[in-house]
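Tertiary structure, described
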Amino acid sequence: MTRWFLSLALLLCAFWFSLTSFSSVPIAPQSALHALWPGPPGSIGEALVFNLRLPRALVAVLLGAALALAGGLLQALTHNPLASPSVLGINSGAALAIALVSAFAPVKLEGYPMALIAACGGALSWLCVTLAAGTRERQRLILAGIALSAFCMAMTRIVLLLAEDHAYGILTWLAGGIGHARWQEVWQLLPVMVVIIPLVLTQTRALNVLAMGDSAAHSLGVNIGVVRGGLSIALLLLVGACVSVAGPLGFIGLLVPHLARAWIGHDLRVMLPMAMVLGATLLLSADIVARGLAWPGELPAGVVLALVGAPGFVWLARRQR
């Protein structure tokens, strides 16, 4: 209970600091508090918090929690501690799909949700990785994911060269950031999160059984095909929604589940919710640091995540040797 209290307190502190820090207009604590209550804003500070800072912080919480959940889910499904949407090519496949649609078919497909388009791109990428790996051997799966990620990023760069009119917008989006987040992005993410996250958390018992091996899970009455298929679809929808809003944010899904295991244990019934709390805290913190490093401008949060995540990936890979 103490660890949950500390984790939630850290999340609340990061959320509050995100509302008030590094602003060109000074934001008093009382203005930030007033902006959280219903009613028209009474000052510039309140309007700034309500219209810009609050939706940005909420988007960071939703994205961080969803990506951490997706990473923990993927590691549980593949029995691979190095698995994550960014490492296995799901992020880059989703990003390529959105880049193609944004550059070449902005009108024809504008009636389709971008999250669904990203999920389809991620699903195709994930299918290619599994077919290329051939087996569930850890090293082959990771190598196939890294190779496909490189291929998708190369194709995305070709799209940038061929569609110069959309190149700047796509390039900024690929950097991964939430500086553009407004209430529209909150309402875009919220329905997916409200539906998918509870469905995933209800399957944590089955995931715990799957961790014992497929034969043990089958003998204990778990329908392995249904569980894997349903959770894979949920995973792709989560990642697709996140990529469609903030671009391919990396390393949250890789590092945060390991932090959650070290902090609270391996039981997925408590590890996955803790990973969501830590993921939200990490993305909020990365966004704050990104603002502070380039003040009065700002960097994409994805840059800070990469600076932290790349050494973390090397450390995890060395641990698995």
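Figured I'd write up the structure that's included with this text. (Residues numbered from 1 in each chain as written. Predicted model: local features only at pLDDT ≥ 70, side-chain atom pairs only at ≥ 80, totals over all residues. Heavy atoms only, no water.)

1. What about the pattern of salt bridges?
Inspection of every chain in the model, using the stated rule, returns four salt bridges. Between Arg 56 and Asp 287 there is a salt bridge, and its shortest N-O distance comes to 2.8 Å. Here Arg 56, found in helix H3 (residues 44-78), pairs with Asp 287, found in helix H13 (residues 268-293); they are 231 residues apart in sequence, far enough to count as distant. We note a salt bridge from Glu 298 to Arg 56, for which the minimum N-O separation is 2.9 Å. One end of the pair, Glu 298, is in the loop between H13 and helix H14 (301-319); the other, Arg 56, is in helix H3, and 242 residues separate them in sequence. Glu 298 gets classed as partly exposed once you look at its relative accessible area, which sits at 39%. With a relative accessible area of 7%, Arg 56 lands in the buried category. Each of Arg 56, Asp 287, Arg 291 and Glu 298 takes part in one network of salt bridges that share partners. (Salt bridge = Lys/Arg side-chain N within 4 Å of Asp/Glu carboxyl O. Helix = DSSP H or I, 4+ residues; strand = E, 2+ residues; numbered from the N terminus. Buried < 20%, exposed > 50% of the residue type's maximum accessible area, 1.4 Å probe, protein only.)

2. Here we look at unusual backbone geometry
Despite not being glycine, His 79 shows a phi value in the positive range, around 55 degrees. Assignment of secondary structure puts His 79 in the loop between H3 and helix H4 (90-104). The partly exposed category is assigned to His 79, whose relative accessible area is 28%.

3. Some words on the side chain of Arg 228
Within the secondary structure, Arg 228 sits in helix H11 (residues 224-246). For Arg 228, a relative accessible area of 13% puts it in the buried group. Within the local environment of Arg 228, its side chain forms a polar contact with the backbone oxygen of Leu 77, the two atoms lying 2.5 Å apart. (Polar contact = N/O pair within 3.5 Å; in protein donor to acceptor, adjacent residues only side chain to side chain.)

4. A short note on H3
Note: α-helices contain 3.6 residues per turn, so residues at a spacing of three or four share the same orientation. Helix length check: H3, at 35 residues, gives a terminal C-alpha distance of 50 Å against a target of 51 Å (1.5 Å per residue), a fit within 8%. Maximal helix bending in H3 amounts to about 40 degrees, located at Phe 50. Positive backbone phi, at 55 degrees, marks His 79, one or two positions downstream of H3. (Expected span 1.5 Å × (residues − 1). Bend = angle between axes of the 7 residues up to and from the residue.)

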